[in-house]
Structure formats: structure tokens, C-alpha cells
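Coordinate analysis (summary)
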Amino acid sequence: MTDSHYRGRFAPSPTGPLHFGSLVTAVASYLEARSHKGTWLVRIEDLDPLRESPEATQRILDSLDAHGLHSDEPVCFQSERHAHYHALIDRLLSQGLAYRCACSRKQLQENNGRHPEHCREGEAEPGERPFAVRFALHDERSTWHDQLLGPQSQTVHAELDDPVILRKEGFYAYQLAVVADDIDQGINHVVRGSDLLDMTAQQQQIYRSLGAPPPYWMHIPVILNAEGQKLSKQNHAPALDDRKAEDNLKQALAALGQDQRLLAGTSDIGTLLARAAANWAPERIHLTAR
Ligand code: GLU
């Protein structure tokens, strides 16, 4: 395997069972990996025990299996990687790339996003108060080429946008964990929903601060419900019926704009996915739904 070998992943947060929107993302990342003869991994992003459950994790894994979407390597669980995140945060703190912050959301709002106690300069002594750790961004106009959306440009504001990487409650936060794991798992292509597009410039800075090049990004339109909202557990998106895996897959491929005629007469899920991969044409994804 060379460095340029394609490695992609699907990384759901187990806030609920898989719904149609998450299936579409899973299928897109799977087919993109397969069409590059690459490796496709599943990672469960179970960082927040207050919003996530082991039952949801199991249901997601069962659903993926029922839809023929099998991880090429053992499934990675973020809940088992705390020691690693802890070490990274210590490192970023000692390098001055992260800082402790006891500010409340209200305090930050009242100060237009600035830290009244100059947390970034390390002047605040959190002492006994609960504190978060934030990543210290630098001002940047970040540009890159999205594999589907084309040229992208985002501005990152130091201090105002600094993301929390360790929450006051003691939980590790998405922004650091996702980058740390993608680096460790050698992920070089990320296919995910365009609801995460706004995170990308910040994540690119985190990649570089950890000494790794950012991956290629492909952001696909999120699936909306009849009211125009993103399908999500919050919007009561129904769980997928695993007994209808074939129909679900065909609908996911239709939502991704793929040519349905090529799938006619296929009911075996493995054959369906192999055929979809052989004919995968991401340029057919309708961008209007974004
Ligand atoms: N865990 C994130 C989510 O479920 C996705 C992470 C990513 O693809 O970057 O929204």
C-alpha cells in the first residue's frame, strides 16, 4: 500500500439510529472509496454520553451491515481513544496552540466573542472553576478545492472562532477528535454532508498544527425533509427499516442522482453495491439540494 492509496470513512455520531440522510452519506463515501479501489472504514464518534447511547451505536452498526456496508478494518470507537485526545491536548497546550477558558457563553456574547479575561494569553487562572480547552486559531483566508463543490474559500477569525476541543463537562469535542482520528487512521479522502462544510477551514488548521496535510474533501448535499430541514434525529427522521435494505439503497442512489437503469434486475445487495460502484458518477449528484 502506498501513501497515495485511497482511504475513506463514514463517521456517524450515535445520537440515534441510521436514517435515510445518513445512509445517503454512508453510500456516497463507500462508493467513492470503492470506485478508487480504496479502503473504507467505519468510525463511531461517540464522544458525548449525554446525547448518545450504546443502543444507537449497535443499531447503526446493524443497519450498515444489513445494507452491505462493511468496514474494511475493525470499527474504531472514539470512546476508546480518550488517552490519545488527552495527550494531544497537553501537547497543544504546551505549544501555545490551545488554551484553558472558563468563560461562559454569556460572557463571550457580551464581549462580542472576545475573552474578557484574556484566556488566549493564558492570563486567566481557571483555578477551581470548570474550564474548557479551546484551539487557538490564527486569522486566515483558507482556500481549497472540494471534490464536488469546486473551489472553496472560508475566513477563519482568531479568538472569535476558536473551537472548544475539551468541554467544561470533561468530554472531548468533535473538532479535535475527528481530525486526530482521520490522521491516525490514514484517511486521505473525506466524504461527508455539506452541513459540515463550515467546519473545514478550522479543521485544516488543526491538521497542520498536528503536522499532517488535510485530506481531499467532498461535501455532498444533505437530504431535506418536506419542510426543507435536514433529516436528523432532532427533526424526528424515521429510522431505516433494515428489512427493506434493497429499496433503501436504490432510493439512496436515486437521491445521489445515479443512473437507476444500471441497477434494474438486481436484488442482491452485494451485486447492487458493486454495480453502483462500477458506475459511480459523483458529478451526477444534484447540487441544488445543498
Ligand atoms: N460525526 C459527525 C456527524 O455525525 C461526522 C464527522 C465528519 O464526517 O467529519 O455529523
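Computed from a prediction, not measured in an experiment: that's the story for all the values here. Residue numbers here run from 1 along each chain, matching the order of that chain's written sequence. Where local features are concerned, this predicted model is filtered to residues with pLDDT of at least 70; where side-chain atom pairs are given and counted, the filter is 80 or more; whole-chain, interface and lining totals use all residues. Think of the side-chain values as coming from all heavy atoms in the structure, minus any hydrogens and water.

1. Things to note about the environment of Leu231
Only runs of H or I of at least four residues qualify as helices and only runs of E of at least two qualify as strands under DSSP, and these elements are numbered from the N terminus. Structurally, the position occupied by Leu231 is in the loop between strand 10 (216-220) and helix 7 (245-255). Between the C-alpha atom of Leu231 and that of Gln95, which follows or precedes it by 136 residues, the distance is 40 Å.

2. Re the sheet that holds strand 5 (residues 132-135)
The three strands are arranged 4-5-8 in an open sheet whose pairing can be described as antiparallel. Of all the strands in the sheet, the pair left with one neighbour each is strand 4 (98-101) and strand 8 (164-166). Strand-to-strand twist in this sheet, taken as the mean axis angle between neighbours without regard to direction, amounts to 40°. Only heavy atoms matter for contacts: two residues are in contact if any of them lie within 4.5 Å across the pair. Angular values range over 0 to 180 degrees, each being the angle between N-to-C directions of two axes fitted as lines to C-alpha atoms, with helices fitted over their stretch in contact. In the packing of helix 3 (residues 82-94) onto the sheet, contacts are made with strand 4, strand 5 and strand 8, and the angle to strand 4 comes to roughly 100°. Strand pairing is assigned whenever DSSP detects at least two bridges linking the two strands.

3. Some points on the nonpolar core
The nonpolar side chains of a soluble globular protein tend to be buried, and buried together. Here, nonpolar core refers to any group of buried Ala, Val, Leu, Ile, Met, Phe, Trp, Tyr and Cys residues whose side-chain atoms link them within 4.5 Å. Partly exposed describes any residue whose relative accessible area lies between the buried limit of under 20% and the exposed limit of over 50%, with all areas from a 1.4 Å probe on protein chains only and scaled to the type maximum. Ranked by size, the top nonpolar core spans 40 residues in total, and within it Val27, Leu31, Leu64, Leu69, Ile220 and Leu256 carry the most contacts. At the level of elements, helix 1 (20-35), strand 2 (39-44), helix 2 (54-66), strand 10, helix 7 and helix 8 (269-278) are the ones that each hand at least two residues to this core. At nine residues, helix 1 tops the list of elements feeding residues into this core. Discounting residues that sit within four places of it in the chain, Leu31 has contacts with Leu253, Leu273, Ala276, Ala277 and Trp280. Counting residues in each nonpolar core, the second largest holds 31 residues, with Ile89, Trp144, Val178 and Leu210 among its members.

4. Observations regarding the site of the ligand
By convention in this text, a residue qualifies as near a molecule or strand provided that one of its non-hydrogen atoms is within 4 Å of it. Taken together, Arg9, Ala11, Pro12, Ser13, Glu45, Tyr174, Val178, Arg192 and Leu196 are the residues near the ligand. For this analysis, a polar contact is any N or O atom pair within 3.5 Å, provided that within protein one partner can donate a hydrogen and the other can accept it, and provided that sequence-adjacent residues contribute only side-chain to side-chain pairs. Here a nitrogen atom of the ligand and a side-chain polar atom of Ser13 are 2.8 Å apart. One of the side-chain nitrogen or oxygen atoms of Arg192 is found 2.8 Å away from an oxygen atom of the ligand. Residue-level accessible areas treat just the shown protein chains as cover; the underlying method is Shrake-Rupley with a 1.4 Å probe. Considered on its own, the ligand offers 300 Å² of accessible surface; in the complex 81% of this is hidden by protein. Charged residues are taken to be Asp, Glu, Lys and Arg, nonpolar residues to be Ala, Val, Leu, Ile, Met, Phe, Trp, Tyr, Cys and Pro, and polar residues to be all remaining types, Gly included. Here the shell around the ligand is built from residues that sort into five nonpolar, one polar and three charged.

5. What about the sheet that holds strand 1 (residues 7-10)?
An order of 1-2-3 is seen for the three strands of this open sheet, with the pairing classed as parallel. Two strands lie at the open edges of the sheet, namely strand 1 and strand 3 (76-77), each paired on one side alone. Pairing between strand 1 and strand 2: four bridges, direction parallel. Looking at strand 2, one finds that Gly8 is bridged to Trp40. Sitting on the sheet, helix 2 is in contact with strand 1, strand 2 and strand 3, with an inclination near 160° to strand 2.

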